[in-house]
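# Inside the fold
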Amino acid sequence: MMKIMLPKFKKNIAHQKFHLWIINHRHFQTVLWSMALGFTVVGCGGLHQAPKPIIRYTINYAPTPTLESFENRLPAIIKVERFGSAPGFANSHMIYATSRLERNSYVYHQWFSPPSEMVAYALVKDLKASQAFTAITFPGDRIKASHVLTGSVTDFYEKDEGTTWQAVFGVSILLFSEAPLNLQKQILLERQYTTQVACQEKNVFAFAKAMNTAVQSISNQIILEIYETIANQTDQK
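In what follows, the accompanying structure is described. Computed from a prediction, not measured in an experiment: that's the story for all the values here.

A count of helices and strands for the protein gives 3 helices and 9 strands. Going residue by residue from the N terminus, the α and β elements of the protein occur as α-β-β-β-β-β-α-β-β-β-β-α. Residue burial in the protein is summarised as follows: out of 237 residues, 35% are buried. A sequence separation of at least 24 residues applies to 73% of the contacts in the protein between residues at least 6 apart.

Here it is as structure tokens:
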């Protein structure tokens, strides 16, 4: 008599279905783990991405004054002291103003060094290039100076009000003679200079270029006034 194997057939079908379920389940788990690992890699990669580089700008123009601008070289040795700065300009942040009371700074754009250092150094270069004085010295130089120049940066920012951006630069200077020991130093010149130069475009590079022009313009004015002041002092002796 022929035996019917139907129950065994059904059992095999059930076993195959169970086996397929295990395979599919494992495949599903593999997909989930792969997705989780992918998110982890992307997430960690995002956290460890290289930071955006900071672009730095400086005051670096070709000095223009020469001895031809003056009658003769004065017998004066001028020591340029370190300059100070008004609140908000003591670091290398590039400041911009959208209104009279608002001040902000760029994140990825900065000055190479604080404005007070750049301005003082630019003034030293211009004083030397003028060839109008016997010598120009820095703090710490052993050469005895006849005059001392110091100052403070009062404005150094980008003005974004209106249709055209402006580079606003302001500096106060103090020139005095080095008196003999125990005698009061004589203040010869005290001035505040301020100027605004239009930016050719509305971007940070154009602002830096305009600030270079502003510093050069004021530096030339300062040198001319220093020359006239010391020349008058020399004539009175």
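Let us keep going from here.
So, on to the nonpolar core. Counting residues in hydrophobic clusters, the biggest one holds 56 residues, and the most contacted among them are Trp111, Phe133, Phe156, Phe169 and Met211. If you tally residues by element for this core, the top one is helix H3 (residues 204-236), at 15 residues. When residues no more than four places from it in sequence are discounted, the contact partners of phenylalanine 169 are Val119, Val153, Asp155, Phe156, Tyr193, Thr194, Thr195, Met211, Ala214, Val215 and Ile218.

Before going further, it helps to spend a moment on the environment of cysteine 199. As for its placement among the helices and strands, cysteine 199 is situated in the loop between strand S9 (186-198) and H3. Overall, the relative accessible area of 6% leaves cysteine 199 in the buried class. Through-space distance from the C-alpha of cysteine 199 to that of methionine 211 is 8.6 Å; in sequence the pair is 12 residues apart. Ignoring sequence-local partners within four residues, the contact set of cysteine 199 consists of Thr164, Trp165, Gln166, Ala167, Ala206, Phe207 and Ala210.

Here proline 115 lies in helix H2 (residues 115-130). Between the alpha carbons of proline 115 and alanine 90 there is a distance of 7.2 Å; along the sequence they are 25 residues apart. If near-sequence neighbours (up to four positions away) are discounted, proline 115 is found in contact with Phe89, Asn91, Val153 and Phe156.

We now examine a nonpolar patch on the surface. Taken together, the side chains of Ile54, Val107 and Tyr108 define a hydrophobic patch exposed on the protein surface, amounting to about 260 Å² of accessible area. Along the polypeptide, isoleucine 54 turns up in the loop between helix H1 (6-47) and strand S1 (55-57).

Throughout the structure, instances matching the rule amount to 2 salt bridges. Between glutamate 81 and lysine 79 there is a salt bridge, with the nearest N and O atoms lying 3.4 Å from each other. For lysine 79, a relative accessible area of 19% puts it in the buried group. The partner of glutamate 225 in a salt bridge is arginine 191, and the shortest N-O contact between them spans 3.0 Å. Of the two residues, glutamate 225 sits in helix H3 while arginine 191 sits in strand S9, which places them 34 residues apart along the sequence. A relative accessible area of 22% places glutamate 225 in the partly exposed class.

Pairing geometry for strand S2 (residues 74-80) and strand S7 (residues 147-159), over 3 bridges, is parallel. In the strand pairing of S7, isoleucine 78 is matched with histidine 147. The pairing of strand S4 (residues 93-97) with S7 spans 3 bridges and is parallel. Counterpart to tyrosine 96 in the pairing with S7 is glutamate 158. As judged from the 12 bridges shared by S7 and strand S8 (residues 166-177), these two strands associate in the antiparallel manner. Paired with phenylalanine 156 across the bridge in S8 is phenylalanine 169. The loop that links S7 with its antiparallel partner S8 comprises 6 residues; one of these, glycine 162, has a positive phi angle of about 85 degrees.

Quick look at the side chain of histidine 109 now. Tracing the backbone shows histidine 109 in strand S5 (residues 104-111). Discounting residues that sit within four places of it in the chain, histidine 109 has contacts with Ile54, Ile55, Tyr57, Met94 and Val204.

On to unusual backbone geometry. Among all residues save glycine, negative phi is the norm, and among peptide bonds the norm is trans. The phi dihedral of glutamine 131 is positive, around 55 degrees, even though this residue is not glycine. Considering the arrangement of structural elements, one finds glutamine 131 in the loop between H2 and strand S6 (133-137).

About the criteria used
- For every chain, the first residue of the written sequence is number 1, and numbering continues from 1 along that sequence.
- With the structure being a predicted model, the display of local features is reserved for residues of pLDDT at least 70 and the display and counting of side-chain atom pairs for 80 or more, all residues being used for whole-chain, interface and lining totals.
- By convention in this description, side-chain values take in all heavy atoms of the structure and omit both hydrogens and water.
- Here a helix means four or more residues in a row that DSSP labels H or I, a strand means two or more in a row labelled E, and each is numbered from the N terminus.
- Relative accessibility under 20% of the residue-type maximum defines a buried residue, over 50% an exposed one, and the middle range a partly exposed one, all with a 1.4 Å probe and only protein chains included.
- Whether two residues are in contact is decided by their heavy atoms, any of which lying within 4.5 Å being enough.
- The definition of a nonpolar core used throughout is a set of buried Ala, Val, Leu, Ile, Met, Phe, Trp, Tyr and Cys residues joined through side-chain atoms within 4.5 Å.
- Patch construction takes residues with relative accessible area above 30% that form no salt bridge. Like charges are linked within 9 Å, and nonpolar side chains (Val, Leu, Ile, Met, Phe, Trp, Tyr) are linked within 5 Å.
- Per-residue accessibility takes into account occlusion by the displayed protein chains alone, with areas from the Shrake-Rupley method and a 1.4 Å probe.
- Salt bridge criterion: a side-chain nitrogen from Lys or Arg within 4 Å of a carboxyl oxygen from Asp or Glu.
- What makes two strands pair is DSSP finding at least two bridges between them.

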